[in-house]
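# Architecture and fold: a report
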Amino acid sequence: MRKIKVGIIQQANVADMRINLMNLAKSIESCAAHGAQLVVLQELHNSLYFCQTENTQLFDLAEPIPGPSTGFYSELAAANNIVLVTSLFEKRAPGLYHNTAVVFERDGSIAGKYRKMHIPDDPAYYEKFYFTPGDLGFEPIQTSLGKLGVLVCWDQWYPEAARLMALKGAELLIYPTAIGWESSDTDDEKVRQLNAWIISQRGHAVANGLPVISVNRVGHEPDPSMQTNGIQFWGNSFVVGPQGEFLAQAGNEQPENIIVEVDLERSENVRRWWPFLRDRRIDAYEGLTKRFLD
């Protein structure tokens, strides 16, 4: 049986990056001590979620890859003998930046990286100001634990991204993410938003017969411009199996570390029972490459 223990780290961040890194290191070490072989962090975990405003000075947060943060997480991966999925603000060149997931092998080497492909631009989520859309495609990252289909946050709403990762042999779909509520939303609307987020990703698991790991941040982060009341990140990090069944789920208020066992061989059986890939009508999907079919 190919079973792996996965650690998910749902963290509340503060303005002092050193504190965030210290907390992450402790959580990573704790997950490894409890048997985690694969540890997944939330989106842009080093700092506050800086995309609530458009501020050119915040580009100073970006780093080259490799760089200081990759060195820090490389040492943690090697010291704890884990595969580690991180999410960094990449400075590729002056004026050219990406939202980039970096995966580290158990020896600390970089197994691969993925640059976020879908970039949102909404109130309090001004990501198009900071991030150039990814250009590495939807390529799974080969690790000693298997092929990881790493995507990032806004990518989680797109079935095309999950499908392409699956068609290229991904054995897990992984989403570091940062999403939450604005205080002006009604309670009913908050429930609808959270359920849509969960349902969408569970749907990717079912449609592709793959486990899904989604790790969100938690806690309130104020809007520096005071144009809004900030974001209450809703947590609810979770892991589901290939039929969308919950294997683990965090709450929506507190930082949490969760260890969960994932059976990678179960996907084989599920795909035999529900052979969605077999029955795809690839001869009839040419319209998917169009923006809209007028």
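In this text the structure is predicted, and so the values were computed from the model without any measurement.

### Regarding the sheet that holds strand S7 (residues 146–150)
As summarised here, the arrangement of the six strands in space is S6-S7-S8-S10-S13-S14, forming an open sheet in which the pairing is mixed. In this open sheet, the two edge strands, each paired with only one partner strand, are strand S6 (141–143) and strand S14 (246–249). The average undirected angle you get between the axes of adjacent strands in this sheet is 20°. Bridge count for S6 against S7 is three bridges, and the pairing is antiparallel. Of the residues in S7, the one forming a bridge with Thr143 is Gly146. Of the strands in this sheet, strand S8 (172–177), strand S10 (212–216), strand S13 (238–240) and S14 are in contact with helix H5 (residues 187–208), which crosses S13 at around 30°.

### Side note on the side chain of Ser200
Mapped onto the secondary structure, Ser200 falls in helix H5. Judged by relative accessible area, which is 18%, Ser200 ranks as buried. Look past the residues within four positions of Ser200 in its chain and what remains in contact with it is Gln156 and Trp157.

### Some remarks on the packing of helix H4 (residues 159–167) against H5
Running from N to C, H4 and H5 point in directions that differ by 35°, and their axes come no closer than 10 Å. Considering the relative orientation of H4 and H5, their crossing is right-handed. Seen from H4, the contacting residues are Pro159, Ala162, Arg163 and Ala166; seen from H5, they are His204, Ala207 and Asn208. Split into classes, the residues belonging to the contact of H4 with H5 amount to four nonpolar, two polar and one charged.

### Quick notes on unusual backbone geometry
Note on backbone geometry: most residues besides glycine have negative phi, and most peptide bonds are trans. Note the cis peptide between Ile65 and Pro66, where omega equals 0°. With respect to the helices, strands and loops of the structure, Pro66 is situated in the loop between strand S2 (38–40) and helix H2 (68–80). Its identity is not glycine, yet Ala124 carries a phi of approximately 75°, on the positive side. With respect to the helices and strands, Ala124 occurs in the loop between strand S5 (110–115) and helix H3 (127–130). The backbone of Asn236 sits at a positive phi, close to 60°, despite the residue not being glycine. In this fold, Asn236 is placed in the loop between strand S12 (231–234) and S13.

### Quick look at the packing of helix H1 (residues 17–33) against H2
Where H1 contacts H2, the two axes come as close as 10 Å, and the packing angle between them is 20°. Our classification of the angle between H1 and H2 gives roughly parallel. Taken as a pair, H1 and H2 cross one another with a handedness that is right-handed. Judged by residue contacts, Leu21, Leu24, Ala25, Ile28, Glu29 and Ala32 of H1 engage Phe72, Tyr73, Leu76 and Asn80 from H2. Grouping the amino acids of the contact of H1 with H2 by side-chain chemistry returns eight nonpolar, one polar and one charged.

### Considering the pattern of salt bridges
Two side chains of opposite charge can pair, provided their charged atoms sit close to one another. Summed over all chains, the structure comprises 16 salt bridges. In this structure, Arg2 and Glu171 form a salt bridge, with 2.5 Å as the shortest nitrogen-oxygen distance. Note that Arg2 is positioned in the segment before strand S1 (3–10) and Glu171 in the loop between H4 and S8, a separation of 169 residues in sequence. Between Lys113 and Glu90 there is a salt bridge; the shortest N-O distance is 3.4 Å. Placement of Lys113 in strand S5 and of Glu90 in strand S3 (residues 83–93) is noted, with a sequence separation of 23 residues between them. Lys113 sits in the partly exposed class, given a relative accessible area of 28%. Among the charged side chains, a salt-bridge network with shared partners connects Glu90, Arg92, Lys113, Arg115 and Asp135.

Reading the values: the criteria
Residues numbered from 1 in each chain as written. Predicted model: local features only at pLDDT ≥ 70, side-chain atom pairs only at ≥ 80, totals over all residues. Heavy atoms only, no water. Pairing = 2+ DSSP bridges. Helix = DSSP H or I, 4+ residues; strand = E, 2+ residues; numbered from the N terminus. Axes fitted to C-alpha atoms, helices over the stretch in contact; angles between N-to-C directions. Contact = heavy atoms within 4.5 Å. Buried < 20%, exposed > 50% of the residue type's maximum accessible area, 1.4 Å probe, protein only. Left-handed = near helix turned anticlockwise from the far one by under 90°. Nonpolar A, V, L, I, M, F, W, Y, C, P; charged D, E, K, R; others polar. Parallel < 35°, antiparallel > 145°, perpendicular 65-115°, else oblique. Salt bridge = Lys/Arg side-chain N within 4 Å of Asp/Glu carboxyl O.

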